[in-house]
Amino acid sequence: MKTLTRFLMQVGLLVVLCFVFTKCSNEQLGLESDLQNNTLMSKSANSKASVQVKFNFNTHLSPDNEVSLIIRTNATGQANIKINEDETMIYYKIIVANIENVRASHFHKAPPGENGGVVVGLFLGPKKEGRFNGILAEGYITSESFSEDGENKLAMLIQDIRDGNIYINVHTDKNPPGELRGQL
């Protein structure tokens, strides 16, 4: 009976996550009309060759991706990242389930399998006390999100995302170094 209840809870969670991801929005990011198969074809002024540039990124947040997990967990999540066409803004949405006492969530810079430093905060509190399921953080990163040299730091962040050197980490009381991780 306990196994069946747990299975039904997981199925229910998947249904909720599917609803959240397919929810329609009137929010205009300026991406939809220009994107084709998640990429934009562009030509350099000095080159006639076409280059594919990626603007949408999704990752599964899992404790299995953590490098230094302290206590095992059943927490899970998803992250959606969209870069606008003129690369002046990054939209993010972090959704989590079965997680307790969330302290923070950040973009960190490091390749898969390595820990790296914080680049920018995504969720900085107040702490989510007890069990939490749902949208942990949603917002935009712009040049103003950085304390100094914002335009260059935003451009570097976008390039690091495209190069696969940025991951999202969700920190909890149980696992302060990170309970959920997803590489972009």
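As a reminder, the structure under discussion sits directly above these lines.
Residues numbered from 1 in each chain as written. Predicted model: local features only at pLDDT ≥ 70, side-chain atom pairs only at ≥ 80, totals over all residues. Heavy atoms only, no water.

Student: Just checking my understanding: could you explain the pattern of salt bridges for this structure?
Tutor: Where charged atoms from two side chains of opposite charge approach closely, those side chains can pair. Within the structure shown, the criterion is met by 7 salt bridges. The partner of Asp64 in a salt bridge is Arg72, and the shortest N-O contact between them spans 3.1 Å. Taking relative accessible area as the criterion, Arg72 reaches 54% and is therefore assigned exposed. Note that Asp173 is salt-bridged to Arg103, the shortest N-O span being 2.7 Å. Note that Asp173 is positioned in the loop between strand 8 (166-172) and strand 9 (180-183) and Arg103 in strand 5 (residues 90-109), a separation of 70 residues in sequence. (Salt bridge = Lys/Arg side-chain N within 4 Å of Asp/Glu carboxyl O. Buried < 20%, exposed > 50% of the residue type's maximum accessible area, 1.4 Å probe, protein only. Helix = DSSP H or I, 4+ residues; strand = E, 2+ residues; numbered from the N terminus.)

Student: Help me understand the nonpolar core in this model?
Tutor: Note on soluble globular proteins: their nonpolar side chains tend to be buried together. Ile90, Ile94, Val96, Phe107, Ile141, Leu157 and Ile168 are the most contacted members of the largest nonpolar core, which totals 32 residues. Contributing elements (two or more residues each) for this core: strand 3 (56-61), strand 4 (76-83), strand 5, strand 6 (117-123), strand 7 (128-141), helix 2 (150-162) and strand 8. Ranked by residues supplied to this core, first place goes to strand 5 with 7 residues. (Core = buried A, V, L, I, M, F, W, Y, C linked by side-chain atoms within 4.5 Å.)

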